[in-house]
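Understanding the architecture of this molecule
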Amino acid sequence: MTTKTYLELSQDGEGAHKFYEVTVDDLVVSVRYGRIGAAGQTQTSTFATADKARAAAAKKIGEKVRKGYAPAVQGQRAARSVTRRAVASAPSTAGAVAPVLWRFRTGSSAFGIHVDDDRCWVGNQAGDVYTLSHAGEVQARFSLPDGVKCLVADDFWIYAGCDDGRVYDLSSKLPFAAYDIAADVDIFWLDIHEGVLNVADRSGRLTVIDHEDEHQWSRGGRGQHAWMVRADGDAVYHGDTKGVTAYAPDGGGELWHTASAGAVLFGWQEDTAVYAGTARWKVQRLAKKDGRVEAVYACDNTVYSCATSPGGRFVFAADASSSVYCFAEDGTRLWKLGTGAGSALSMQYRDERLYLVTSDGSLVCVDASEAAITAAQHGTVPVARDVKLAAALPTYEPATTVAAVTAVSAAPAGSVVVECVQEGGRTRVHVVSDGYERSWNVQFPRAIREPGARYVVDALHPASGGFYRVRGDIRRLL
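Computed from a predicted model, the values in this text were never measured in an experiment. (Residues numbered from 1 in each chain as written. Predicted model: local features only at pLDDT ≥ 70, side-chain atom pairs only at ≥ 80, totals over all residues. Heavy atoms only, no water.)

**Describing the side chain of Thr258**
To be explicit about the condition: A run of H or I in DSSP counts as a helix once it spans at least four residues, and a run of E counts as a strand once it spans at least two, with each numbered from the N terminus. Exposure categories follow from relative accessible area, calculated using a 1.4 Å probe and restricted to protein chains: below 20% of the type maximum is buried, above 50% is exposed, and the middle band is partly exposed. For this analysis, a polar contact is any N or O atom pair within 3.5 Å, provided that within protein one partner can donate a hydrogen and the other can accept it, and provided that sequence-adjacent residues contribute only side-chain to side-chain pairs. Throughout, a contact is declared for two residues whenever any of their heavy atoms are within 4.5 Å.
With respect to the helices, strands and loops of the structure, Thr258 is situated in strand E22 (residues 254–259). Residue classification places Thr258 among the buried residues on the basis of a relative accessible area of 13%. A polar contact is formed between the side chain of Thr258 and the backbone oxygen of Gly291, at a distance of 2.7 Å. When near neighbours in sequence (up to four residues on either side) are disregarded, Thr258 contacts Lys242, Gly243, Val244, Leu286, Gly291 and Val293.

Structure representation (structure tokens):
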């Protein structure tokens with residue numbers, strides 16, 4: 001006999017709006033949870049007896065009822081809208097167009113960008129993440145369940161923050177939800193430092209979560225719409241409609257606050273400074289030590305994004321009028337050029353190239369060398385190459401159930417075996433193979449954890465926080 005209990009917690013304003021469903025089928029207990037109106041995430045556990053399964057389900061239901069959940073009828077309460085950033089993008093007022101080398105159209109407005117030694121990443125509001133070579137060849141596509149707000153990296157791990165309230169690890173062919181933010185959190189931006197995730201959201205909150213996807217601390221913020229969060233070993237730098245605030249990384253309190261020239265719409269960081277792009281047409285450089293304004297970079301419209309060359313020697317900014325700027329470190333404007341592809345919502349500089357993701361959904365590679373910019377200012381620019389999708393492009397989607405994971409009968413040579421174990425009422429993952437610290441946990445997709453199950457991974461890498469990260473494919477060991 002199968003029994004199902006469906007609960008909802010819905011609060012006024014921007015409070016919680018989520019569901020929790022528990023299904024008991026003989027020895028199997030399935031828990032599905034997430035935002036009301038969404039498919040949610042499912043976790044399944046198998047117990048030794050039917051009585052133990054029913055007892056575990058009753059415990060889970062009781063915990064949620066005590067937190068305010070109540071029985072409901074699925075579908076009667078409407079989903080609450082997720083913020084889709086409304087972006088106004090006017091034509092550029094610059095007299096010349098930037099020297100664009102190549103452009104890739106993703107098909108939907110794009111915010112997420114990351115460029116590393118090997119490839120370029122772009123994520124859009126349709127939930128698509130593409131990887132390209134630096135020369136502009138499309139290599140692969142990840143198809144995520146919801147819109148991508150941002151892409152961040154921690155060493156060679158790459159993460160995508162999505163509108164479904166999860167943060168996906170894209171470092172392997174099997175993307176997985178490494179962090180499951182509260183279902184009522186509307187992610188605007190995130191940063192990650194040594195496995196600790198920092199989330200800025202629509203209501204202006206800052207939420208900090210460790211590598212095991214467990215909440216550490218949060219702050220309400222002074223304003224709303226927190227589009228900026230950057231982190232290092234000394235602080236978390238959080239920007240909203242009221243300015244930028246630095247918090248101690250352990251949640252110990254506020255270190256400093258600096259009011260901004262208008263709402264903060266984007267943030268960047270270097271070793272000693274953070275850069276806040278604002279709605280009042282300026283980028284402000286703030287000293288990390290005390291929040292002092294060290295320099296101001298004046299644009300001609302609302303600043304949507306900013307970035308720097310290493311050490312802050314050059315500062316780049318993009319505005320709501322499809323223009324991109326370059327400034328000297330002291331604030332002197334060096335040039336202003338049109339993007340040719342709408343307003344740049346995020347950007348990154350690397351090796352004399354400026355990579356932009358834009359309001360028309362393009363990833364644009366601009367030659368930012370001195371020679372190319374000088375030529376562009378005199379009207380000479382290269383013919384931009386339009387990048388096309390390959391006919392047979394590899395596409396990777398997250399596994400949401402154990403059954404979706406490839407099974408193997410034996411661990412291949414050189415691979416690592418891990419096992420799901422019960423600890424304190426939670427399912428953790430530990431290493432079984434020799435040569436690893438057995439007491440450390442493994443950052444592992446919650447959706448496919450099953451108590452007692454063993455999995456094979458290509459490699460594990462230790463992180464400074466005392467845990468392992470998965471590198472490569474995940475397969476279930478039969």
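**Regarding the packing of aromatic side chains**
Quick note on the threshold: By convention, a stacked pair of Phe, Tyr or Trp rings (six-membered ring in the case of Trp) has centres within 6.5 Å and planes under 30 degrees apart, an edge-to-face pair has planes over 60 apart, and any other such pair is tilted. We call a charge positioned over a ring when the NZ of a Lys or the CZ of an Arg lies within 6 Å of the ring centre and within 35 degrees of the ring normal.
One pass over the full model with this rule turns up 20 aromatic pairs. Measuring from centroid to centroid gives 6.3 Å for Phe111 and Trp227, while their planes differ by 20°, and the two rings are stacked. Of this pair, Phe111 sits in strand E7 (residues 110–115) while Trp227 sits in the loop between strand E18 (215–219) and strand E19 (228–231); the two residues are 116 residues apart in sequence, bridging distant segments of the chain. Like Trp227, Phe111 is buried. Ring pairs connect the aromatic residues Tyr275, Tyr297, Tyr325 and Phe327, which therefore count as one cluster. Lying over the aromatic face of Trp157, Arg469 brings its terminal NZ or CZ to 4.8 Å of the ring centre.

**Looking at the confidence of the model for the protein**
What counts is decided by this rule: Residue-level confidence of the predictor is what pLDDT reports, using numbers from 0 through 100.
Across the protein, the average pLDDT comes to 88, with 96% of residues at or above 70. In the model of the protein, strand E4 (residues 41–46) stands out as the element of lowest mean pLDDT, 77, in contrast to strand E25 (residues 282–287), which has the highest, 98.

**With respect to the sheet that holds strand E16 (residues 196–201)**
The condition is simple: Strand pairing is assigned whenever DSSP identifies at least 2 bridges connecting the two strands. Lines fitted to the C-alpha atoms define the axes, with helices restricted to the stretch that makes contact. Angles between their N-to-C directions range from 0 to 180 degrees.
Pairing is antiparallel across the open sheet formed by four strands, whose spatial order is E15-E16-E17-E18. Edge positions in the sheet fall to strand E15 (187–193) and E18, since each of these pairs with one other strand and no more. The sheet shows a mean angle of 20° between the axes of neighbouring strands, direction not considered.

**Observations concerning the nonpolar core**
Formally: Throughout, nonpolar core names a set of buried Ala, Val, Leu, Ile, Met, Phe, Trp, Tyr and Cys residues whose side chains join them through atoms within 4.5 Å.
Within the largest apolar cluster, 87 residues are counted, with the highest numbers of intra-cluster contacts made by Phe444 and Ile474. In terms of residue count, E15 provides more of this core than any other element does, five residues in total. Beyond its immediate sequence surroundings of up to four residues, Ile474 is in contact with Leu174, Phe176, Val405, Phe444, Pro445, Ile448, Tyr455, Val456 and Val457. Trp102, Tyr130, Tyr355 and Leu393 belong to the second largest nonpolar core, which has 16 residues in total.

**Remarks on the environment of Tyr468**
With respect to the helices and strands, the residue Tyr468 is situated in strand E41 (residues 467–477). The buried category is assigned to Tyr468, whose relative accessible area is 6%. Sequence separation between Tyr468 and Ala235 is 233 residues; the distance between their C-alpha atoms is 24 Å. When neighbours within four sequence positions are excluded, Tyr468 is seen to be in contact with Val431, Tyr436, Glu437, Trp440, Asn441, Val442, Gln443, Leu460, His461 and Pro462. Within polar-contact distance, the side chain of Tyr468 engages the backbone nitrogen of Glu437 at 2.8 Å.

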